[in-house]
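Read off the chains here:
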Amino acid sequence: MTNIASPHRQAVTLDHALHSRNKAQEIQGAVLPLAERYRWSSPFLGAVVAGDFTSGSLDQLRSHGFTVLHLPYESIIRAYQSVGIDVQFDERTPDSSFRNRMHEIDRLSPDDISNLARSLIEDNQVELDIFIEILRACLSRSVQKVIVVPLYGTANNFSSIQDAMTFLDFYMVSDYLHEFHRYEAMITFTNGDRTDGSFKDKNRAKEFLRFVAAH
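Residues numbered from 1 in each chain as written. Predicted model: local features only at pLDDT ≥ 70, side-chain atom pairs only at ≥ 80, totals over all residues. Heavy atoms only, no water.

S.K.: Where do I start with the nonpolar core in this structure?
M.R.: Side chains of a nonpolar character, in soluble globular proteins, are inclined to be buried together. Y80, V83, I85, V87, L108, L116 and L120 are the most contacted members of the largest nonpolar core, which totals 14 residues. For this core, the elements supplying multiple residues, two or more each, are β2 (67-72), α3 (73-81) and α5 (110-123). It is α3 that contributes the most residues to this core, five residues altogether. Residue contacts for V87: discarding those within four places in its chain leaves Y73, I76, I77 and Y80. Of all hydrophobic cores here, the second largest spans 10 residues; its members include A24, A47, V49 and V68. (Core = buried A, V, L, I, M, F, W, Y, C linked by side-chain atoms within 4.5 Å. Buried < 20%, exposed > 50% of the residue type's maximum accessible area, 1.4 Å probe, protein only. Helix = DSSP H or I, 4+ residues; strand = E, 2+ residues; numbered from the N terminus. Contact = heavy atoms within 4.5 Å.)

As structure tokens, this is what we get:
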């Protein structure tokens, strides 16, 4: 027998995917402008999300450079079950049930909260260890190598890849210094991160190096 999803189920699935994608976009919108502002320090981008997220929404975050720790919906259910609260819900759950669950959560004792946290951590220990290790590597990193390249010469423009390859075949490298163009600076860190900068002015290049050293 072929199992065909009902139109209602399809609508719920599409709504769930859209909700997950919107949440991922909210995180990007909040964090990426800060990452761009401090791009010279190659900052750590981390997101800890909990609940029912689609794999597509998580991959969306990762594609923008985020390290993601996802605490699945089922894991949250088990954690609350460990302190006697059923937090399962679906689109048919009445608002009164949500209010009752909230009242139960508000009445949790400090020991219950500790047990809930312990259950959540133990249930996601492998993923949590990976996330923390990546974060620790970023926070404890140091500069491994600094490359500064002053660029001279005349820019050569081509309309095709083949024309550019032909130019390289016949180009002769010489010691003669042509017009100065810019400084290229590349810094690699011990955890594999890298940050680059391109500057017309020497002082801006030094500002870049000082910024990285301070962060």
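S.K.: Honestly, a nonpolar patch on the surface in this entry has me stumped. Any pointers?
M.R.: A contiguous nonpolar surface patch, about 270 Å² in accessible area, is contributed by V126, I130 and I134. The topology assignment puts I130 in helix α6 (residues 125-139). (Patch = residues over 30% accessible without salt bridge, like charges linked within 9 Å, V, L, I, M, F, W, Y side chains within 5 Å. Areas by Shrake-Rupley, 256 points an atom, 1.4 Å probe, with all protein chains shown as cover. Salt bridge = Lys/Arg side-chain N within 4 Å of Asp/Glu carboxyl O.)

S.K.: Hey, could you run me through the sheet that holds strand β4 (residues 180-189) in this one?
M.R.: Strands belonging to one sheet form pairs held by backbone hydrogen bonds; the direction of such a pair is parallel or antiparallel. Strand order across the open sheet formed by three strands is β3-β4-β5, with antiparallel pairing between neighbours. Both edges of this open sheet fall to β3 (143-152) and β5 (194-199), since each of them pairs with a single strand only. Between one strand and the next, the sheet's axes are offset by a mean angle of 10°, whatever the strand orientation. (Pairing = 2+ DSSP bridges. Axes fitted to C-alpha atoms, helices over the stretch in contact; angles between N-to-C directions.)

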